[in-house]
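# Observations on the model geometry
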Amino acid sequence: DAMVIQNPRYQVTQFGKPVTLSCSQTLNHNVMYWYQQKSSQAPKLLFHYYDKDFNNEADTPDNFQSRRPNTSFCFLDIRSPGLGDAAMYLCATSVSRGGTDTQYFGPGTRLTVL
Amino acid sequence: EDQVTQSPEALRLQEGESSSLNCSYTVSGLRGLFWYRQDPGKGPEFLFTLYSAGEEKEKERLKATLTKKESFLHITAPKPEDSATYLCAVQAVPDSWGKLQFGAGTQVVVTP
């Protein structure tokens, strides 16, 4: 089945220790998104890639970076995690940007910062 | 400013007790309204897209409706497996691309 895969499902890191989260997709979608979701809150868009074009949200901290080496993979790098970065990180994909293309989400990575 | 508000925040139902969830939105123009289901510790699962007032969509015990200011998700004769958080999200017309504005969700618990 075509899907969005996130690894690892659970990640524990120490305060200030860089961490990378991974997302891959077999849907062959052009757009990949990263969201942050804290407990009982709405998912918050961090950035997205439209093909190789990177689009950062204005309020995304510089501590968060992303890479998309090819169509299938996208990475979220947190350079110096703080306690406030503990959250569920969700990857999503869509066929294209604009219109009403549905975003399909992966299972998420739960990040704990000690 | 675009806003999406979901109510109630939490809903506890007995199995078989039908109810409705509300998603009210304030946008300059609506391109689409999306409903997702999210189980604890998992990513959102797509349910429906609604485009225009008066539109309705159904899937098993779920029925979504749309007016000019709000959407309702009706759960008919719910079962324990319908327990989840239901998220509503809108795409607004002025946006140059299909950015989703999410509500905080309604957490539904269905007890046997």
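The preceding data block contains the structure.
Just so it is clear, the model here is predicted, and its values are computed rather than measured. (Residues numbered from 1 in each chain as written. Chains lettered and ligands numbered in written order. Predicted model: local features only at pLDDT ≥ 70, side-chain atom pairs only at ≥ 80, totals over all residues. Heavy atoms only, no water.)

Okay, the sheet that holds strand 6 (residues 56–59) of chain B next. All names here are of chain B. In space, the 5 strands of this open sheet follow the order 1-3-8-7-6, with antiparallel pairing throughout. In this open sheet, the two edge strands, each paired with only one partner strand, are strand 1 (3–7) and strand 6. Pairwise comparison of adjacent strand axes, ignoring direction, gives a mean angle of 15 degrees for this sheet. The pairing of strand 6 with strand 7 (residues 62–66) spans 4 bridges and is classified as antiparallel. By the bridge assignment for strand 7, K57 is matched with A64. (Pairing = 2+ DSSP bridges. Helix = DSSP H or I, 4+ residues; strand = E, 2+ residues; numbered from the N terminus. Axes fitted to C-alpha atoms, helices over the stretch in contact; angles between N-to-C directions.)

Let us look at the interface of chain A and chain B. Many descriptions give the size of an interface as the accessible area lost when the pieces come together. Counting residues at the interface gives 24 residues for chain A and 21 residues for chain B. Summed over both sides, the interface between chain A and chain B buries roughly 1,700 Å², with carbon and sulfur atoms accounting for 60% of that surface. Summed over the shared surface of chain A and chain B, the number is 1 salt bridge. The closest approach of N and O atoms between K99 of chain B and E57 of chain A, which form a salt bridge, is 2.4 Å. Here chain A and chain B share 5 residue pairs in polar contact (both at pLDDT 80 or more) between them. Elements with a minimum of two residues in the side of chain A that touches chain B: strand 4 (31–37), strand 5 (44–50), strand 9 (87–94) and strand 10 (104–105) of chain A. For the side of chain A that touches chain B, the leading source of residues is strand 4 of chain A, giving 3 residues. Looking at side-chain class alone, the side of chain A that touches chain B contains 10 nonpolar, 10 polar and 4 charged residues. (Contact = heavy atoms within 4.5 Å. Buried area = accessible area lost by both parts, 1.4 Å probe. Salt bridge = Lys/Arg side-chain N within 4 Å of Asp/Glu carboxyl O. Polar contact = N/O pair within 3.5 Å; in protein donor to acceptor, adjacent residues only side chain to side chain. Nonpolar A, V, L, I, M, F, W, Y, C, P; charged D, E, K, R; others polar.)

Fair warning: the whole summary comes from geometry, so function is off the table for now.
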